[in-house]
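# Observations on the model geometry
The lines below spell out each chain.
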Amino acid sequence: MNQNLLLLWNDSMPVSLTIWLLLTVTSMYLARDLVHQLVFATTQALRVSLKHFYRSLNILATNIRKRNNEVLLSSAREATEKNIEREFHRVNAMVAKDLSGYPATQRKVNDAIKKIEEDFQQSTETPPLPPAWLDAIESIAVLSNNNGDASVAKVLSHIQKTLESAYKETLNEFRKTSLSRHTILKNMLPNWRTISQSLHSIDKNIDGLDKRSQIIDQQMEKYEQIRNHDEIICRTLSSSSMTQFAISTLILIIATLGGIINFQLIALPMSEMVGGTSQLGPMKTSDVAALVIIMLEIAMGIFLMESLRITHLFPIIGSMDDKMRRRMLIITLSILTILASVEASLAYMRDLLALDRETLSQSLAGAAVVEAELRWIPSIGQMILGFILPFTLAFIAIPLESFIQGLRTIMGIIMYHSIQILAFSIRVLANLFFRVGKIINTLYDVVIFIPLQIEKLFNHRKTKSIDPDIETIHS
Amino acid sequence: MKRIILLSLLIFSITACSEPPSQNKAVYMLLDTSGTYTQELDKAKIIINYLLATLDAGDSLAIARIDSGSFSEKDLISKVTFDARPSVVNEQKRAFKRKVDIFVKNVKSSSYTDITGGVLQASEYLHETGAKNKYILIFSDLEEDLVKGHVRDFSIPLVEVKVVALNVTKLRSDNIDPRDYLNRVANWQTRVHEGGGKWQLLNDIEHLEKIIQG
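Note that residues are indexed from 1 along each chain, following the sequence as it is written. Whichever chain is written first is A, and whichever ligand is written first is 1; the rest continue in order. Totals for whole chains, interfaces and linings use all residues, but because this is a predicted model, local features are given only for residues with pLDDT of at least 70 and pairs of side-chain atoms are given and counted only at 80 or more. Heavy atoms throughout the structure, all of them, feed into the side-chain values; hydrogens and water do not.

### Thoughts on the pattern of salt bridges
Residues and elements named next belong to chain A. As a reminder, the rule being used: Any carboxyl oxygen of Asp or Glu within 4 Å of a side-chain nitrogen of Lys or Arg constitutes a salt bridge here. By definition, any uninterrupted DSSP run of H or I lasting at least four residues is a helix, any uninterrupted run of E lasting at least two residues is a strand, and each is numbered from the N terminus. We call a residue buried when its accessible area falls under 20% of the maximum for its residue type, exposed when it is over 50%, and partly exposed in between, using a 1.4 Å probe and counting protein chains only.
Scanning the model with the defined rule gives 18 salt bridges over all chains in all. The residue D445 makes a salt bridge to R32 at a minimum N-O spacing of 2.9 Å. Placement of D445 in helix 12 (residues 397-447) and of R32 in helix 3 (residues 32-97) is noted, with a sequence separation of 413 residues between them. A residue is classified by how much of its surface remains accessible, and D445, at 18% relative accessible area, is buried.

Printed below as a string of structure tokens:
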């Protein structure tokens with residue numbers, strides 16, 4: 001068929017082909033403008049559509065980014081508000097606890113100061129010693145030695161003795177009053193200490209308040225940045241969110257491994273309870289039952305953490321009044337404890353079953369049944385593990401919350417970057433279509449270059465023939 | 001979204017409520033008690049112990065002897081379908097083992113060897129269990145010796161049944177002309193294939209794990 005078509009004009013292939021070529025080139029030359037327009041219109045249409053698509057993707061990416069930032073800022077704002085609130089609560093507690101006793105302390109200090117003043121007054125009211133007595137005694141003593149009169153000497157001696165006796169009495173009195181003064185001063189010591197301690201306590205409280213106010217200042221500064229939609233804080237929050245996501249993922253992997261161990265502990269004894277032959281879908285019913293128990297434990301753990309307001313996955317629990325929340329806490333903790341006890345007993349049953357199976361295997365293998373020593377150690381270990389693991393799994397709520405929050409951010413970031421990559425690819429494709437259109441037109445012209453050259457030559461001559469006329473007209 | 005959730009729940013409930021296909025195994029072991037083959041029964045005990053250790057809750061196991069007319073319930077030494085509870089399973093296995101031990105201790109040789117009757121009986125039993133994987137283990141030299149008048153030259157229905165010949169020890173005459181042994185094995189293989197079953201020969205009992213797979 002093709003052969004016949006090729007040889008349509010002549011039996012000789014070269015001749016026929018030449019005719020075909022001439023016809024094709026001529027047709028192409030005649031249709032040149034139309035083809036060029038068609039190629040241009042098609043590529044332009046594709047380019048424009050792709051550019052529109054690119055712009056839409058860009059808008060979408062911007063919106064996603066904005067939304068991501070809003071989510072980040074919203075959660076950060078919430079967290080900062082809570083932090084500030086907590087700090088204010090602490091300050092309030094500090095003021096209520098420590099500074100409420102301030103009037104009493106002040107009274108105590110005032111009393112102590114008053115007491116010190118009084119004591120001080122008492123300690124200053126001491127009669128001064130008459131120093132002239134000493135001189136008189138010395139003079140009388142000199143007189144008694146120089147005069148030589150016995151009666152005078154006796155009188156003088158008597159006077160001296162009397163004076164000395166009076167002096168001694170005065171001295172004793174002085175010592176007594178000094179002692180009394182010293183006692184008063186000594187009694188002032190506790191008052192000084194009281195004042196010092198009271199002032200130290202006030203200083204400590206003021207210092208604590210100062211530190212709290214610094215923390216509040218920092219939080220307020222952060223809060224201000226969040227409110228202002230600061231780009232730096234967005235980046236910081238994003239990075240922090242990713243770190244949280246990575247850490248929570250790691251913890252969840254560890255918890256999953258713990259869950260698998262838990263499952264292994266209770267799957268076999270579960271078949272003793274619900275049977276080991278029935279199936280639920282592709283899984284054994286006993287395995288499903290074991291999984292359900294583990295899931296229930298995790299659910300109870302989540303509710304427990306919610307009731308304690310450690311996590312905030314269910315706002316309805318967090319917003320409950322304290323009485324109701326306490327009830328829920330007690331109920332969830334009770335259920336968790338019951339489940340843990342069930343697991344401990346199942347773990348013990350598993351140990352018994354394993355022992356029985358081991359004995360049977362030994363008997364089937366023809367070996368003598370050996371009673372293992374210290375068999376109670378793994379039994380108790382398994383029971384403890386069965387009891388502890390549900391409580392450990394309860395804490396899964398904390399990383400789970402971080403994981404969910406982080407996942408939202410991570411998904412947003414991944415989506416944003418994916419759309420950006422797609423938008424870039426679309427832009428490249430749009431430019432490529434534009435270039436391809438030009439290349440197709442050039443290739444088209446290459447095929448019909450002979451008639452094009454002829455046309456060019458013809459036009460050139462025509463221009464030349466017209467040019468002299470134009471020159472004549474101009475002149 | 002709601003529709004998807006409802007559909008998923010519906011599919012799950014249908015899957016959960018419907019009776020799932022049985023994944024259990026059923027094994028019927030035939031013990032040749034003709035002539036001097038009773039001396040080989042200690043090896044059979046090893047295989048039975050292996051089966052007891054391998055089979056689990058829901059699986060079935062039956063041991064029967066091959067004697068002069070084996071298509072009969074009376075040749076059944078012991079049969080059991082293991083309970084769903086592991087503790088009961090262990091007790092059943094112990095009881096089964098005790099029965100087999102007593103049989104091996106007190107076994108008497110039979111005059112004739114009706115393997116076909118035994119296989120037919122096994123096939124009936126296995127199909128009744130409804131197990132997914134069905135096995136007939138023939139612990140014999142595969143030399144059939146029928147009572148005059150017994151008709152056994154017909155196709156045995158063995159669809160979905162795997163027949164494993166164990167310990168097909170060579171007879172004294174096989175040493176003179178080994179083609180006898182090869183012909184016996186080939187003959188049984190053909191009969192099993194004709195009945196729609198699968199055939200396996202396992203002379204080395206060190207590789208018992210090849211008997212029951214999956």
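### Here's the deal with the sheet that holds strand 2 (residues 60-66) of chain B
Residues and elements named next belong to chain B. Keep this limit in mind: Any two strands with at least two DSSP-identified bridges between them are counted as paired. Axes here mean lines fitted to C-alpha atoms, for a helix over just the part in contact, with angles spanning 0 to 180 degrees between N-to-C directions. Note on definitions: a residue-residue contact is assigned when non-hydrogen atoms from the two residues lie within 4.5 Å.
Read across the sheet, six strands follow the order 3-2-1-4-5-6 without closing on themselves; strand pairing throughout is mixed. The open sheet terminates on both sides in strands that have one partner only, identified here as strand 3 (76-81) and strand 6 (198-202). On average, each strand axis in the sheet is inclined to that of its neighbour by 15°, with strand direction left out of account. This element, helix 2 (residues 41-54), spans strand 1 (25-32), strand 2, strand 4 (133-139) and strand 5 (161-166) of the sheet and lies at about 170° to strand 1. The strands touched by helix 6 (residues 179-194) within the sheet are strand 5 and strand 6, with strand 6 carrying the most contacts at an inclination of about 150°.

### Notes on the packing of helix 8 (residues 285-307) of chain A against helix 12 of chain A
Residue and element names in this part refer to chain A. Just so we agree on the cut-off: Working definition: roughly parallel below 35 degrees, roughly antiparallel above 145 degrees, roughly perpendicular at 65 to 115 degrees, and oblique for all remaining angles. Residue type decides the class: Asp, Glu, Lys and Arg count as charged, Ala, Val, Leu, Ile, Met, Phe, Trp, Tyr, Cys and Pro as nonpolar, and the leftover types, Gly among them, as polar.
Axis separation between helix 8 and helix 12 bottoms out at 9 Å; the angle between their running directions is 85°. Taken together, helix 8 and helix 12 sit at an angle that is classed as roughly perpendicular. Judged by residue contacts, G301, I302 and M305 of helix 8 engage A397, I398 and L400 from helix 12. Its residues placed into classes, the contact of helix 8 with helix 12 shows five nonpolar, one polar and no charged.

### With respect to the layout of surface pockets
Residues and elements named next belong to chain A. Quick reminder of the rule: Cavity and pocket criteria rest on a 1 Å grid covering protein atoms alone: a 1.4 Å probe that fits but cannot get out defines a cavity, protein on both sides within 12 Å along at least 5 of 7 lines defines an open pocket, and an atom within 4 Å of a point defines a lining residue. Grid points are joined across faces, edges and corners, and a volume is the space filled by probe spheres set on the points.
Of the voids in this model, the largest pocket is the one considered here, and its volume is about 980 Å³. Along its surface, the largest pocket is lined by 26 residues, and S75, A76, E78, A79 and Q405 are the ones closest to its centre. When residues of the lining of the largest pocket are traced back to their parent elements, those giving at least two are helix 3, helix 7 (231-274) and helix 12. Sort the elements by how many residues they give to the lining of the largest pocket and helix 3 lands first, with twelve residues. Looking at side-chain class alone, the lining of the largest pocket contains seven nonpolar, twelve polar and seven charged residues.

### As for the nonpolar core
Note the following rule: Residues grouped as a nonpolar core are buried Ala, Val, Leu, Ile, Met, Phe, Trp, Tyr and Cys residues, joined through side-chain atoms within 4.5 Å.
Residues M29, L31, I47, L61 and L137 of chain B are the most contacted members of the largest nonpolar core, which totals 34 residues. For this core, the secondary-structure elements that each account for two or more residues are helix 10 (322-364) of chain A together with strand 1, helix 2, strand 2, strand 3, helix 3 (86-106), strand 4 and strand 5 of chain B. Among the elements that take part in this core, helix 2 of chain B stands out by supplying six residues, more than any other. In terms of nonpolar packing, the next biggest core, distinct from the first, is built from 28 residues, A26, L76, A131 and V185 of chain B among them.

### Section: the packing of helix 3 of chain A against helix 6 (residues 150-227) of chain A
Residues and elements named next belong to chain A. Condition: Working rule for handedness: look at the near helix, and if it is turned counterclockwise from the far one by less than a right angle, call the crossing left-handed; if clockwise, right-handed.
The interhelical angle for the contact between helix 3 and helix 6, taken along N-to-C directions, is 165°, at an axis separation of 10 Å. Classified by the angle between their axes, helix 3 and helix 6 sit roughly antiparallel to one another. Note on packing geometry: the crossing formed by helix 3 with helix 6 is left-handed. By residue class, the composition of the contact of helix 3 with helix 6 is 13 nonpolar, five polar and six charged.

### Topic: the packing of aromatic side chains
When we look at a pair of aromatic rings, we describe it by the centre distance and by the angle of the planes. Residue and element names in this part refer to chain A. We count it as follows: Put simply, two rings from Phe, Tyr or Trp (the six-membered ring, in Trp's case) pair if the centres are within 6.5 Å, and we call them stacked under 30 degrees between planes, edge-to-face over 60, tilted for the rest.
One pass over the full model with this rule turns up four aromatic pairs over all chains. Between F303 and F314, the ring centres sit 5.8 Å apart and the planes meet at 50°, which makes this aromatic pair tilted. Residue F303 is located in helix 8, and its partner F314 is located in the loop between helix 8 and helix 9 (315-318); the two are separated by eleven residues in the primary sequence. For F303, a relative accessible area of 26% translates into the label partly exposed. A relative accessible area of 34% means that F314 is categorised as partly exposed.

### Things to note about the side chain of N441 of chain A
Relative to the helices and strands, N441 of chain A is located in helix 12. Overall, N441 of chain A belongs to the buried group, its relative accessible area being 14%.

### Observations regarding helix 10 of chain A
To keep things clear, this is the line we draw: The span you would expect from a helix comes to 1.5 Å times its residue count less one.
Its 43 residues give helix 10 of chain A an end-to-end C-alpha distance of 62 Å, which sits within 8% of 63 Å, the value for a rise of 1.5 Å per residue. Phi turns positive one or two residues past the end of helix 10 of chain A, at G366 of chain A, with a value near 85°.

### Points about the confidence of the model for chain B
All names here are of chain B. Here is the rule: Per-residue confidence from the predictor is reported as pLDDT, which spans 0 to 100.
Across chain B, the average pLDDT comes to 82, with 87% of residues at 70 or higher. Below pLDDT 50 for its whole length, residues 14-18 participates in two contacts with residues either more than four positions away or in separate chains. If you check the scores for this complex, the pTM reads 0.64 and the ipTM reads 0.75.

### Looking at the interface of chain A and chain B
Rule in force here: In short, buried area is how much 1.4 Å probe accessible area vanishes from two parts on joining, totalled over both. Pairs of N or O atoms are called polar contacts if they sit within 3.5 Å, as long as, within protein, a hydrogen donor faces a hydrogen acceptor (for residues adjacent in sequence, only side-chain-to-side-chain pairs).
Chain A puts 16 residues into the contact, and the matching count from chain B is 19 residues. Across the chain A/chain B interface, buried area totals approximately 1500 Å², and carbon plus sulfur atoms make up 57% of it. Three residues, E272, L360 and L364 of chain A, lead the burial of chain A against chain B; their summed loss comes to 37% of the area buried on that side. Among the salt bridges present, the one from D356 of chain A reaches R94 of chain B, with a minimum N-O distance of 2.7 Å. At the junction of chain A with chain B, the criterion picks out four residue pairs in polar contact (both at pLDDT 80 or more). Secondary structure elements with two or more residues in the side of chain A that touches chain B: helix 7, strand 1 (279-280) and helix 10 of chain A. Broken down by element, the side of chain A that touches chain B gets its largest block of residues, seven residues, from helix 10 of chain A. Partitioned by chemical class, the residues of the side of chain A that touches chain B number five nonpolar, eight polar and three charged.

### Remarks on the environment of T24 of chain A
Mapped onto the elements of the fold, T24 of chain A is located in helix 2 (residues 13-30). On a C-alpha basis, the gap between T24 of chain A and V447 of chain A in space is 9.7 Å, while along the polypeptide they are 423 residues apart.

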